[in-house]
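Descriptive structure summary
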Amino acid sequence: MVEGQESINRSYDKLASEYENIAEKRRTYCNEIDRLVEKNVIGRNLLDIGSGNGERIANIQKKLGIDVYAIEASTQMYELLRRKPNINARKGISQEFQNDLINRFDNVTALWNVLGHIPTARELGQSLDNIYRYLKKDGVFICDVNNRHNIKQYGYKVLGRIIIDIIDFKRMRGDVTTERKMRGENIKLYGHLFNRNEIVSALKDSKFKRVRVKYVDYDNGNRCMRGTGQMFIVASK
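These numbers were taken from a predicted model, which means no experiment stands behind them.

Description of the packing of aromatic side chains
Here the structure, examined in full by the defined rule, presents 6 aromatic pairs. Here the aromatic rings of phenylalanine 97 and tyrosine 134 are separated by 5.6 Å at their centres, their planes lie at 15°, and the arrangement is stacked. Of the two residues, phenylalanine 97 is situated in the loop between β3 (87-91) and β4 (105-110) and tyrosine 134 in helix α6 (residues 121-134); the sequence distance between them amounts to 37 residues. On the basis of relative accessible area, phenylalanine 97 is assigned to the partly exposed category, the value being 29%. On the accessibility criterion, tyrosine 134 (2% relative accessible area) is buried. A centroid spacing of 5.2 Å and a plane angle of 90° characterise the contact between tyrosine 132 and phenylalanine 208, whose relative ring orientation is edge-to-face. A residue pair is termed long-range when its members are at least 10 positions apart, and tyrosine 132 in helix α6 and phenylalanine 208 in the loop between α9 (196-205) and β8 (210-216) qualify at 76 residues. Phenylalanine 208 shares its class with tyrosine 132; the two are buried. Among the aromatic residues, those joined into a cluster by ring pairs are Tyr132, Phe141 and Phe208.

Shown next, in the form of structure tokens:
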């Protein structure tokens, strides 16, 4: 059973104090994604959704010198995020439309599979619709998501996934629940693994015109082939 958004947020509350240590294990990958973000950003401002503790988006802001706004759903993560200088932080979830953000941003980002922590297809659609409305004309949405068909990361069972997805795609097959033990407690974590057609179709359903997909190795951060990396996506309004 897929966890609801509130339950997912509570799990990240529990992870907040160790989040930087967890992120360190994927530092090479995240650094390459950040480099690609910096390369694709346009204009002078950016909204980051699902900013976690704010370390990455603060570094991007420092390098680019642009105005950065950030939204984080987890209460404990938000407490870390709001302490970052030069970041306009607010607590919230991507599914809830915020009227004061409409047509305001040159860029919106959602990094490290943030879209995969939205529990249902309906809520994903709401989130993408909102992101589209937050962007100015010709603005760009930049994200990376976990690739369900990444054979290097998930093994040869991916071959079966590819066949099944072609014959009879069901979103629920991409839903994954794992556990992480911290301070004697097993914390349940939900994530969704996307296939390329699924995420591209979702973006186009929310009226994004041009969707470009690149692949990045989850272990070493190198550019790679379609079946061996996670997806880095730039979608234009």
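Past the structure itself, the notes keep going.
Focus on the sheet that holds strand β2 (residues 67-72)
With mixed pairing, 7 strands are arranged side by side in an open sheet as β3-β2-β1-β4-β5-β9-β8. Two strands close off the open sheet at either side, each with one partner strand: β3 and β8. Ignoring strand direction, the axes of neighbouring strands in this sheet form an average angle of 15°. Sheet analysis places β2 next to β3, joined by 5 bridges and oriented parallel. Counted as the bridge partner of glutamate 72 is lysine 91 from β3.

Calculation notes
- Residues numbered from 1 in each chain as written.
- Predicted model: local features only at pLDDT ≥ 70, side-chain atom pairs only at ≥ 80, totals over all residues.
- Heavy atoms only, no water.
- Phe/Tyr/Trp six-rings, centres within 6.5 Å; stacked < 30°, edge-to-face > 60°.
- Helix = DSSP H or I, 4+ residues; strand = E, 2+ residues; numbered from the N terminus.
- Buried < 20%, exposed > 50% of the residue type's maximum accessible area, 1.4 Å probe, protein only.
- Pairing = 2+ DSSP bridges.
- Axes fitted to C-alpha atoms, helices over the stretch in contact; angles between N-to-C directions.

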